[in-house]
Amino acid sequence: GRFTRNEIAKKIKAGEIAVNGSPVLSASAKVEAGTDKIFIDGREFIYSRFVYIMLNKPLGVVSASSDRNCKTVADIVDIEYKNRGVFPAGRLDKDSEGLIFLTDDGDFAHRILSPKKHVPKTYEVKINAPLTDGERRFIENGLVLDGKKLLPSEITFIAEENGFLYDVVINEGKYHQIKRMMSAAGKEVLSLKRVKIGGLALDPALPPGGWRLIADDELKQIIK
Ligand code: URA
């Protein structure tokens, strides 16, 4: 992803790629991923079959890998990952922010997104008016969207600050699900931030637009 095939061929000619300490002389040389040590321009190249990125999506950016008019989440990460074809495993509305995964591993994305897997997603949701206990229970247990009953959700009041902030955990990801859940109780969503997917929380060190690779042990926490 970091270089084109042509650039790599040139680097091989120039002796800028080494395997196990010796320059490679042919572009058809074979390497053993995970065993051989590959250096490009003196920097170790770590081969991995797939990449997994956590990104704090800023407002105004779309959850897609390309878009004609708008900046996408794939435009934010390094070009080497964009060139690998990473795509968002899940969606956040353009006016929502927070945790989104980018990957080139289709099976992983499927496991995160499949409604059968019930991977919980946690959001901080600010609404314009407080929920009564009855409204909260109604949203948590009784809602029908698109003609289907939603899986139970959990709503916890956090604080009142320029609106009413709740922690909301849902177990599926229907189109505009939280906005529609709140609207069913006559509430308007003022802001929406995803803070956790499965067992993995958004790294608090990542500002909006910040991203980093997901470590192997973190990957295991997502789906237990
Ligand atoms: N629910 C919504 O309504 N919007 C999002 O972006 C995510 C969940």
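Residues numbered from 1 in each chain as written. Predicted model: local features only at pLDDT ≥ 70, side-chain atom pairs only at ≥ 80, totals over all residues. Heavy atoms only, no water.

Some remarks on the side chain of threonine 103
Phase 1 of the analysis: The topology assignment puts threonine 103 in strand E7 (residues 97-103).
Phase 2 of the analysis: Only 2.8 Å separates the side chain of threonine 103 from the backbone oxygen of valine 51, close enough to count as a polar contact.
Phase 3 of the analysis: The residues touching threonine 103, leaving out its near neighbours within four places in the chain, are Val51, Tyr52, Gly85, Val86, Phe87, Ala89, Phe108 and Ala109. (Helix = DSSP H or I, 4+ residues; strand = E, 2+ residues; numbered from the N terminus. Polar contact = N/O pair within 3.5 Å; in protein donor to acceptor, adjacent residues only side chain to side chain. Contact = heavy atoms within 4.5 Å.)

Considerations on the pairing of E7
Phase 1 of the analysis: Counting buried positions along E7 gives 6 out of 7 residues, so the element sits mostly inside the fold.
Phase 2 of the analysis: Bridge analysis of strand E6 (residues 87-88) against E7 gives 2 bridges, and the strand direction is antiparallel. Bridge pairing in E7 places phenylalanine 87 opposite threonine 103. (Buried < 20%, exposed > 50% of the residue type's maximum accessible area, 1.4 Å probe, protein only. Pairing = 2+ DSSP bridges.)

Remarks on the site of the ligand
Phase 1 of the analysis: Taken together, Leu92, Asp93, Ser96, Tyr123, His176, Gln177, Ile178, Lys179 and Leu192 are the residues near the ligand.
Phase 2 of the analysis: Note that a nitrogen atom of the ligand is positioned 2.7 Å from one of the side-chain N or O atoms of aspartate 93.
Phase 3 of the analysis: Contact distances for the ligand include 3.3 Å between an oxygen atom and a backbone N or O atom of histidine 176.
Phase 4 of the analysis: Taken by itself the ligand offers 240 Å² of open surface, and the protein chains cover 96% of this.
Phase 5 of the analysis: It is helix H6 (residues 177-184) that provides the largest number of residues to the shell around the ligand, a total of 3 residues.
Phase 6 of the analysis: Classifying every residue of the shell around the ligand by side-chain character gives 4 nonpolar, 3 polar and 2 charged. (Near = heavy atom within 4 Å. Areas by Shrake-Rupley, 256 points an atom, 1.4 Å probe, with all protein chains shown as cover. Nonpolar A, V, L, I, M, F, W, Y, C, P; charged D, E, K, R; others polar.)

That is the geometry; function is a separate question.
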